[in-house]
Amino acid sequence: MSQNRFQDGADKKAAKSLAELIGPNNKRYGVMFGQFCAGAFSGLTNTIVFNPLDVVKTRMQVMSPSDYMSMNNGVKGGNSRPIHGFSPTGVYYMLKEMYRYEGIASYYKGLNASLWALVPTWAIYWFTYEEFKTTIPVYTNLESRHSVNMASSVAAGAVTTFATAPMWVVKTRMQTE
């Protein structure tokens, strides 16, 4: 009998939580919108500031061995004269060569696609992460703050990946062309 009472209490608590979440007079909509906007703004800022490094990373990932050889003046295994202690196939060298041959605009190649991919990614991630942090304890027996945070981040990551995967394919193609 006590288990039925507990089950009834848990069901009522879950139903009440769900009603509060979607109710018409809910003040949480403003909070939820704020979470979404904060994630979107962080994605925008991150994309604009770090896009040059993202372009370098993407280009280095898709380079073939012959591309590396042409970067190293045809010397297999690399240039014997590193630039200021940096590897000739490293990030610094790539940034220098991109600027040298393509200009400053090459650092922001694929920026539109990056914005279309990263802004919604971060907006969806932070919104779902915060929502999972409040709903996971209601529907599970997780009580530890660390367990709830970890479960929330995994769930938010899964939702975000599912929702934004096609955008990442487009972004990668635009940065490498």
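This text goes with the structure placed above it.
Given the structure is predicted, the values throughout are model-derived calculations rather than measurements.

### Digging into the overall build of the protein
Then comes step 1: Scanning the protein from terminus to terminus reveals 6 helices and 0 strands.
Then comes step 2: A buried classification covers 29% of the 177 residues belonging to the protein.
Then comes step 3: For the protein, restricting intrachain contacts to residue pairs at least 6 apart in sequence, the fraction spanning at least 24 positions comes to 70%.
Then comes step 4: Summed over its atoms, the accessible surface of the protein is roughly 11700 Å², and 65% of this surface lies on carbon and sulfur atoms.

### A word on the nonpolar core
Then comes step 1: In this structure, Val55, Val56, Met60, Met63, Met94, Met98 and Tyr107 together form the largest nonpolar core, which totals 7 residues.
Then comes step 2: Counting residues per element, the ones that place at least two in this core are helix H2 (28-62) and helix H4 (91-102).
Then comes step 3: In terms of residue count, the dominant contributor to this core is H2 (3 residues).

### Some points on H4
Then comes step 1: Taking 1.5 Å per residue, 12 residues should reach 16 Å; H4 reaches 16 Å between its end C-alpha atoms and fits that length.
Then comes step 2: Of the residues making up H4, those classed as buried are Tyr93, Met94, Glu97 and Met98. Seen from one end, H4 has its buried residues packed into an arc of 130°, which puts them on one side.
Then comes step 3: Looking at the residues trailing H4, positive phi occurs at Gly103, about 85°.

### Notes on the pattern of salt bridges
Then comes step 1: Per the stated rule, a full pass over the model turns up 4 salt bridges.
Then comes step 2: Measuring nitrogen to oxygen at the nearest pair gives 3.2 Å for the salt bridge that ties Glu97 to Arg100. Placement of the pair is Glu97 and Arg100 together in helix H4, with a separation of 3 residues, close to one helical turn.
Then comes step 3: For Glu97, a relative accessible area of 12% corresponds to the buried category.

### Describing a nonpolar patch on the surface
Then comes step 1: Taken together, Phe41, Leu44, Ile48 and Tyr108 make up a surface patch of nonpolar side chains, about 370 Å² in accessible area.
Then comes step 2: Summarising the element assignment, Leu44 is placed in helix H2.
Then comes step 3: Given the relative accessible area of 32%, Leu44 is considered partly exposed.

Criteria and cut-off values
Residues numbered from 1 in each chain as written. Predicted model: local features only at pLDDT ≥ 70, side-chain atom pairs only at ≥ 80, totals over all residues. Heavy atoms only, no water. Helix = DSSP H or I, 4+ residues; strand = E, 2+ residues; numbered from the N terminus. Buried < 20%, exposed > 50% of the residue type's maximum accessible area, 1.4 Å probe, protein only. Contact = heavy atoms within 4.5 Å. Areas by Shrake-Rupley, 256 points an atom, 1.4 Å probe, with all protein chains shown as cover. Core = buried A, V, L, I, M, F, W, Y, C linked by side-chain atoms within 4.5 Å. Expected span 1.5 Å × (residues − 1). Arc of directions from axis to C-beta. Salt bridge = Lys/Arg side-chain N within 4 Å of Asp/Glu carboxyl O. Patch = residues over 30% accessible without salt bridge, like charges linked within 9 Å, V, L, I, M, F, W, Y side chains within 5 Å.

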